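Here are the chains, one letter per residue:
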Amino acid sequence: MKPLALFFDLGDVIMREESEIKDGVGNTLRADLVEGMGAALRALKASGYLFALVADTQSVTARNVLRQHGLLDLFEAVAISAEVGCEKPDARIFRVALEALNIPPSDYARVLMIGNNLARDVRGANALGLTSVYFHWNQRYAQTADAPTYTVHNARDLVILIEQIAR
């Protein structure tokens, strides 16, 4: 079953949190990408997937980092906690992206949420019936919470997983 859309978290999924350069009020001005993620996003986009950013962050942070790496235009939908007024795992933040992409509840299982936090990304995705992909390449967050549908450890393996799911 080919996925309809790919939802991505930002911190430690697309960008490396420890590389963030911030302004005086906490907005990220720039940051490095997780190794291989720029190429992975471009390859997946070339395969025709819809993209949404579903992130607990500031509006400026997300747009600065994505624009810095030429990735902002890849995303058809952006659901950012500072704009939506809630954080993951709250269903409202996921629904903003789902509604922006016109994905009905009957197709939620065809949406992959790729995140690095079991308690936020995976729990929120699982609760809505999305397919959760745990992007586990570091130990930044506690490793106990909801079980993901899939786990990958790097950008290359993420692309391979999505290709396998699509077959």
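Attention in this report is confined to the structure presented alongside it. Quantities reported herein were computed from a predicted structural model and do not represent experimental measurements. (Residues numbered from 1 in each chain as written. Predicted model: local features only at pLDDT ≥ 70, side-chain atom pairs only at ≥ 80, totals over all residues. Heavy atoms only, no water.)

Right, let's talk about the overall build of the protein chain for a bit. What the protein chain contains, in helices and strands, is 6 helices and 8 strands. From first element to last, N terminus to C terminus, the protein chain shows the α and β order β-β-β-α-β-α-β-α-α-β-α-β-β-α. For 167 residues, the compact-globule estimate of 2.2 N^0.38 gives 15 Å, and the C-alpha radius of gyration of the protein chain, at 14 Å, lies within 12% of that figure. Within the span of the protein chain, comprising 167 residues, buried residues form 47% of the whole. Restricting to contacts in the protein chain with at least 6 residues of sequence separation, those with at least 24 account for 61%. (Helix = DSSP H or I, 4+ residues; strand = E, 2+ residues; numbered from the N terminus. Rg over C-alpha atoms; globule rule 2.2 N^0.38 Å. Buried < 20%, exposed > 50% of the residue type's maximum accessible area, 1.4 Å probe, protein only. Contact = heavy atoms within 4.5 Å.)

Another aspect to go through is the packing of helix H1 (residues 37-46) against helix H6 (residues 155-166). Look at H1 against H6: their axes get within 8 Å of each other, and the N-to-C directions meet at 20 degrees. Relative to H6, the element H1 is oriented roughly parallel. Note on packing geometry: the crossing formed by H1 with H6 is right-handed. Of the residues in H6, those touching H1 at Met37, Ala40 and Leu44 are Ala155, Leu158, Val159 and Ile162. Of the residues assigned to the contact of H1 with H6, the class counts are 7 nonpolar, no polar and no charged. (Axes fitted to C-alpha atoms, helices over the stretch in contact; angles between N-to-C directions. Parallel < 35°, antiparallel > 145°, perpendicular 65-115°, else oblique. Left-handed = near helix turned anticlockwise from the far one by under 90°. Nonpolar A, V, L, I, M, F, W, Y, C, P; charged D, E, K, R; others polar.)

A separate point is the packing of helix H4 (residues 91-100) against helix H5 (residues 118-128). For the pair H4 and H5, the least separation of the axes is 9 Å and the interaxial angle reads 70 degrees. Relative to H5, the element H4 is oriented roughly perpendicular. Considering the relative orientation of H4 and H5, their crossing is right-handed. Here Ala91, Phe94, Arg95 and Leu98 of H4 lie close against H5, whose contacting residues are Arg120, Asp121, Gly124, Ala125 and Leu128.

For the peptide bond that leads from Lys88 to Pro89, omega is 20 degrees, which places it in the cis range. In this fold, Pro89 is placed in the loop between helix H3 (81-84) and H4. Although it is not a glycine, Asp12 sits at a positive phi angle of roughly 60 degrees. Inspection of the secondary structure assignment puts Asp12 in the loop between strand E1 (5-8) and strand E2 (21-22). Even without a glycine there, the phi angle at Asn102 is positive, about 55 degrees. With respect to the helices, strands and loops of the structure, Asn102 is situated in the loop between H4 and strand E6 (111-115). For Asn102, a relative accessible area of 67% translates into the label exposed.

This paragraph deals with the nonpolar core. Nonpolar side chains in soluble globular proteins generally cluster together in the buried interior. In terms of nonpolar packing, the biggest core is built from 35 residues, with Phe8, Ile14 and Met37 touching the most fellow members. It is H6 that contributes the most residues to this core, 6 residues altogether. When neighbours within four sequence positions are excluded, Ile14 is seen to be in contact with Phe8, Asp9, Asp32, Leu33, Val34, Met37, Leu41, Leu53, Leu66, Leu71 and Phe75. Counting residues in hydrophobic clusters, the runner-up holds 19 residues, among them Ala5, Phe7, Ala79 and Leu101. (Core = buried A, V, L, I, M, F, W, Y, C linked by side-chain atoms within 4.5 Å.)

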